[in-house]
Every structure is written in structure tokens, then in C-alpha cells.
Amino acid sequence: MNSVFRAAGDLGYRLGLGPQPSDVPDHRLVELVEGPDKLTPGRAIDLGCGTGRNAIYLARHDWDTVGVEMVGYAVEVARRKAAAQEVPVQFVQGDVTRLADLGVGTEFTLLMDGGCYHTI
């Protein structure tokens, strides 16, 4: 079943179907990172990172960041964007329900979900 979702997601990204990917980070995340009660940078994981908007934002603000996304095309786009901005982010293609299998590690101080788990 994952392969069906992965293929549909890949096609959707390539054809521009659905909401268009944005480079603007989630406003609630910005509040956590830059607001009056901002968090101290640590290790973050962006679940269902798409094309990397939130993961790249976190890395630009000194967070050690991992982005996990099922759709390979979105991961490719995220990696290109991070490289162009010279931002150190680890992007991993895989199933967010099987993080242990992806070797992303543990000890995250921030879990970001900008629209992933409500679709599972």
C-alpha cells in the first residue's frame, strides 16, 4: 500500500496537483523558534517534510535537523533547495511510521508535523 501512496505523491508533486509547495515555514514553528519564549536549538525531526520548507528553516536557525518524506521527488527537491542555500539538513526518504528502520537516530528535542500524521 505504501508504494501506491508513494507513487501517487510523486506524480502529484511532479504535475503540480494539490497544494503547491511553499518555502514559507509554518507560522507556529516560527513562533517556537523566534518568538518571545523561543526554544533553544537542539535536534529536530520534520515528519512528512515535503520539499523541506520547515526542515530548512530549522537548520537555518541552528537546529540539527532531519526531514523524513515518503515521496522521493519531494526529497530530491528538498535536497536541492538545501544545497543551494548551503543549509545542512539530512533528508531521508521513508515511512514516518517506521522511523527506527530509517536510521535517523533518536534524542530529538523537537518533532515537527506540518500535516503528516492526520493523513495516516
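Residues numbered from 1 in each chain as written. Predicted model: local features only at pLDDT ≥ 70, side-chain atom pairs only at ≥ 80, totals over all residues. Heavy atoms only, no water.

(A) Focus on the sheet that holds strand β2 (residues 64–69). One open sheet holds the four strands; their spatial order is β3-β2-β1-β4, and the pairing between them is parallel. Lying at the two open borders of the sheet, with one neighbouring strand each, are β3 (89–93) and β4 (110–113). Each neighbouring strand pair of the sheet contributes to a mean axis angle of 20 degrees, computed without reference to strand direction. Relative to β4, strand β1 (residues 43–47) runs parallel, the two being bridged by four bridges. Bridge pairing in β4 places Asp46 opposite Met112. Most of the contacts of helix α3 (residues 53–60) go to β3, to which it runs at about 155 degrees, and overall it touches β1, β2, β3 and β4. Packed on one face of the sheet, helix α4 (residues 72–84) meets β2 and β3 and runs near 170 degrees to β3. (Pairing = 2+ DSSP bridges. Helix = DSSP H or I, 4+ residues; strand = E, 2+ residues; numbered from the N terminus. Axes fitted to C-alpha atoms, helices over the stretch in contact; angles between N-to-C directions. Contact = heavy atoms within 4.5 Å.)

(B) Region of interest: unusual backbone geometry. Residues other than glycine seldom take positive phi values, yet Asp62 does so here, at roughly 70 degrees. Following the sequence through the fold, Asp62 ends up in the loop between α3 and β2. A positive phi is found at Glu86, a non-glycine position, where the angle reads about 55 degrees. Tracing the backbone through its elements, the reader meets Glu86 in the loop between α4 and β3.

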